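If you want the building blocks of each chain, they are given just below.
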Amino acid sequence: MPLVNKELGKIFSDMSHIYQYKNGKEKFRAIAYEKAARVINDLQDDITTFTKKSQLEKIPGVGPSIAEKINEYIKTGKIKKFESLKKTVPIDILELMNISGFGPQSLKRIHQMLKINDRDELTKALQDGRISKIRGFGKKKVDNMLRSMKLHKTVEERMLLWNAMEAGNKVLDEFKKMTEVLQAELAGSLRRKKETIGDIDILVACDEKSRKKIIAKFVALPLIKEVLAKGDTKASVIIKEFNKQVDVRIINPDEWGSALLYFTGSKEHNVELRTIARDKGYKISEYGLFDIKTGKRIAGNTEEGIYKELEFAWIPPEMREQKGELDLAAKNKIPSLVTLADIKGDMHLHSTWSDGTMDIEDLAQFVSSHYPYEYIVLTDHSKSERVAGGMNEEQFIDQVKEIRRVNNKLKKDFIKTGVEVDIMADGSLDLKDDLLEQLDWVCASVHSGFTRDNTERIITACENKLVNCIGHPSGRLMGQREAYPVNWQKVFKVAKQTNTAFEINCQAERMDLNDDLARMARENGVMLTISTDSHQQSQFAFMQMGIFIARRAWCTKKDILNTASWNEIKKFIERKRKKTFSNEPFF
Ligand code: DGT
Ligand code: CA
Ligand code: CA
Ligand code: ZN
């Protein structure tokens, strides 16, 4: 992303936080700035190119007042309004506003009562009991705040997979560009696609004589902030982006397989593999597979070679978590995991009709020209989501007309009509049945009551024959909000019985269902969908993240509904609507 876009995006997001903090009449201003921040973050081109052509106001979400501020920033490097607003609030603690328990009202009270202005002080006050002395901050609330703070710290210390992928691939590309490099690959948790990444590991193969040169080129890269350690075969650095560590190991080409296996991990997988190898008379290390008796090197050039010698099938990195994968590999039963190429459509996305940044036509044009999908389902919010521009029944009817118009223009039935309808506290839905019946696809989501046990609420939604799918089922937001309590075994049994799909939501901080829950759903025979929940153009690329979760849950194409064509999905819906479903597998 162009740097100036990033800076402006941050300022507008801060302004939105300030207005939320000020509350009252400023609520709508807060929404406007939040939206502007998102739009700017999403622009592919440097925003200065728009100011030159005076096309700023043509960008959706940029009105005259925001356009003026963008111009001011580009001319002067500052926005006066922001500078003066900043002085009226404790700006440092406003960074916490999206975290569960740290809403604007709570922050305001803490600031007013204890004169707290920064995050460290706030953490201290939570721990030493000063905050629990404030009225309205009972034990339950303070405990929740402490837990959320911990979640936030973990994600700050680690990286979200999406961010780590972007940063890791940038570094990897630099190695791939070097002529001396014979092979280079991401390793560690990043190759296994864990949802958060501690540090980025990269493995590089070259001839021994090129090592020095490669390390020298690497540590001189502009993307590096600091060199922590540098030797003949490895280097550890901090990259500027996210301020995170990258470990690089340099190996000989014939050690590629054994080193990749070793540095991919997980440690637990490696330990189990090493134990089995020893029982079979082999020693395994990053240098190869050796016969213990003779000391002879048996394998190590490729991962496949090592697994094969130990009588295992090759195991995809996403499965290497010591969760039964070696048993499967011994029986040659490693499933053929779902891939991005299997996906036929995206079933959860938002347009300007609720809180998305693209209108329906632009969105459809963009997706159909950039993705090989057969369909997309538009799922804007229902009326309870006031802040997100949720729509009532009449508005959905109008939207269906607009979808028809755009489909006509595209000359294909590309956009399916749908909704992300709120599941109310009692499990009922936010829109009338006679509207829902007219839509192609109904995704139902929980958007409130995040601390209560939501088992019965979700079950009631599953038992509604108009509900096709449960959106972001666990409600967690990484680093911001824990999942609410749910008896998942119970919920998945009902999901299976009622032919209700469960979503793997691909948003970078949702990843919901996560790998373990998606696996449990699959084991219970629950159909899954993988959808991006896109609110802006750049987010359609998140699909890959959901694929990673599904692979870590050992899913094949058959476990994922949107690998099917729309005709088959219609059958899936019909089964529930007509209650003709049985225990037969869907595919
Ligand atoms: P992270 O960075 O916390 O997200 O997790 P990993 O899995 O990337 O862990 P990291 O960076 O400490 O090490 C990278 C890989 O190196 C790890 O997945 C397996 C391997 N490894 C590291 N330490 C050990 C060890 O003590 N024993 C074995 N067998 N493997 C290790
Ligand atoms: Ca790592
Ligand atoms: Ca590491
Ligand atoms: Zn939602």
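Quick note: structure is the one above.
Residues numbered from 1 in each chain as written. Chains lettered and ligands numbered in written order. Predicted model: local features only at pLDDT ≥ 70, side-chain atom pairs only at ≥ 80, totals over all residues. Heavy atoms only, no water.

Chemist: I'm lost on the coordination of the calcium ion (ligand 2) in this one. Help?
Modeler: Each pair of donors in an ideal octahedron of six around a metal sits at 90 or 180 degrees, and each pair in an ideal tetrahedron of four sits at 109.5 degrees. Distances from the calcium ion (ligand 2) to its protein donors, D199 (O), D199 (OD) and D201 (OD), fall at 2.2 to 2.6 Å. Classification of the site at the calcium ion (ligand 2) rests on its six donor atoms, whose angles at the metal span 68 to 163°, yielding the label irregular. Between the calcium ion (ligand 2) and the calcium ion (ligand 3), a spacing of 3.7 Å is present, and a bridge between the two is formed by D199. When its relative accessible area of 23% is taken as the criterion, D199 is described as partly exposed. The exposure class of D201 is buried, given its relative accessible area of 11%. (Donors = N, O, S within 2.8 Å, 3.2 Å for Na, K, Ca; no water. Tetrahedral: all angles 85-135°; square planar, octahedral: opposite > 155°, others 65-115°. Buried < 20%, exposed > 50% of the residue type's maximum accessible area, 1.4 Å probe, protein only.)

Chemist: How should I be thinking about the site of ligand 1 in this particular structure?
Modeler: Around ligand 1, the surrounding shell holds 15 residues, and the nearest of these are R158, S189, G198, D199 and R274. Between R158 and ligand 1, the recorded distance is 2.8 Å, taken from a side-chain N or O atom to an oxygen atom. Measuring from an oxygen atom of ligand 1, one finds a side-chain N or O atom of S189 at 2.6 Å. In isolation ligand 1 offers 590 Å² of accessible surface; the protein chains occlude 71% of this area. Here the shell around ligand 1 is composed, by residue class, of three nonpolar, six polar and six charged. Taken domain by domain, the makeup of the shell around ligand 1 includes at least three residues from each of domain 3 (158-251) and domain 4 (255-334). (Near = heavy atom within 4 Å. Polar contact = N/O pair within 3.5 Å; in protein donor to acceptor, adjacent residues only side chain to side chain. Areas by Shrake-Rupley, 256 points an atom, 1.4 Å probe, with all protein chains shown as cover. Nonpolar A, V, L, I, M, F, W, Y, C, P; charged D, E, K, R; others polar. Domains from an automatic or database assignment.)

Chemist: It is not clear to me how the side chain of Q539 should be interpreted in this structure. Could you clarify?
Modeler: Among the secondary structure elements, Q539 is positioned in the loop between strand 17 (528-531) and helix 23 (543-552). On the accessibility criterion, Q539 (11% relative accessible area) is buried. There is a polar contact of 3.2 Å between the side chain of Q539 and the side chain of Q507. Discounting residues that sit within four places of it in the chain, Q539 has contacts with Q507, T532, D533 and S534. (Helix = DSSP H or I, 4+ residues; strand = E, 2+ residues; numbered from the N terminus. Contact = heavy atoms within 4.5 Å.)

Chemist: Even after reading the chapter, I still don't get the sheet that holds strand 4 (residues 200-205), so can you show me in this structure?
Modeler: Pairing between the strands of a sheet is mediated by backbone hydrogen bonds and can be parallel or antiparallel. Spatially, the five strands line up as an open sheet ordered 2-4-7-6-5, and their pairing is mixed. Bordering the open sheet on either side are strand 2 (183-187) and strand 5 (224-230), each of which pairs with just one other strand. Direction aside, neighbouring strands of the sheet carry axes that sit 20° apart on average. Relative to strand 7 (residues 245-251), strand 4 runs parallel, the two sharing six bridges. Bridging across to strand 7, V204 finds its partner in I250. Against the sheet, helix 10 (residues 161-177) makes contact with strand 2, strand 4, strand 6 (234-239) and strand 7, and its axis sits at roughly 20° relative to strand 4, the strand it touches most. Of the strands in this sheet, strand 2, strand 4 and strand 7 touch helix 13 (residues 256-264), which is tilted by about 20° from strand 2. (Pairing = 2+ DSSP bridges. Axes fitted to C-alpha atoms, helices over the stretch in contact; angles between N-to-C directions.)

Chemist: Is there a simple way to explain the state of the cysteines in this structure?
Modeler: Defined simply, a disulfide is a covalent bond joining two cysteines at their sulfur atoms. Throughout the structure, instances matching the rule amount to zero disulfides. Of all cysteine sulfurs, the one in C443 lies closest to C469, which takes part in no disulfide; the gap is 4.6 Å. (Disulfide = S-S within 2.5 Å.)

Chemist: Before we go on, may I ask you to explain the packing of helix 1 (residues 3-22) against helix 7 (residues 104-114) in this structure?
Modeler: When two helices pack together, their arrangement is given by the angle between the helix axes and by the axis-to-axis distance. Following both chains from N to C, one finds helix 1 and helix 7 inclined at 75°, their axes separated by 8 Å at the closest point. It follows from the interaxial angle that helix 1 and helix 7 lie roughly perpendicular. Where helix 1 approaches helix 7, its residues Q20, Y21 and K22 are matched on the opposing element by P104, L107, K108 and H111. Residue composition of the contact of helix 1 with helix 7, by class: three nonpolar, two polar and two charged. (Parallel < 35°, antiparallel > 145°, perpendicular 65-115°, else oblique.)

Chemist: Explain the packing of aromatic side chains here, please?
Modeler: Aromatic ring pairs are reported here in terms of the distance separating the ring centres and the angle at which the planes meet. Tallying each qualifying case throughout the model produces 13 aromatic pairs. Site record: aromatic cluster; members linked through ring pairs are F366, Y371, Y373 and F540. Above the ring of Y21, the side-chain terminus of K108 is found at 5.5 Å from the ring centroid. (Phe/Tyr/Trp six-rings, centres within 6.5 Å; stacked < 30°, edge-to-face > 60°. Lys NZ or Arg CZ within 6 Å of the ring centre and 35° of its normal.)

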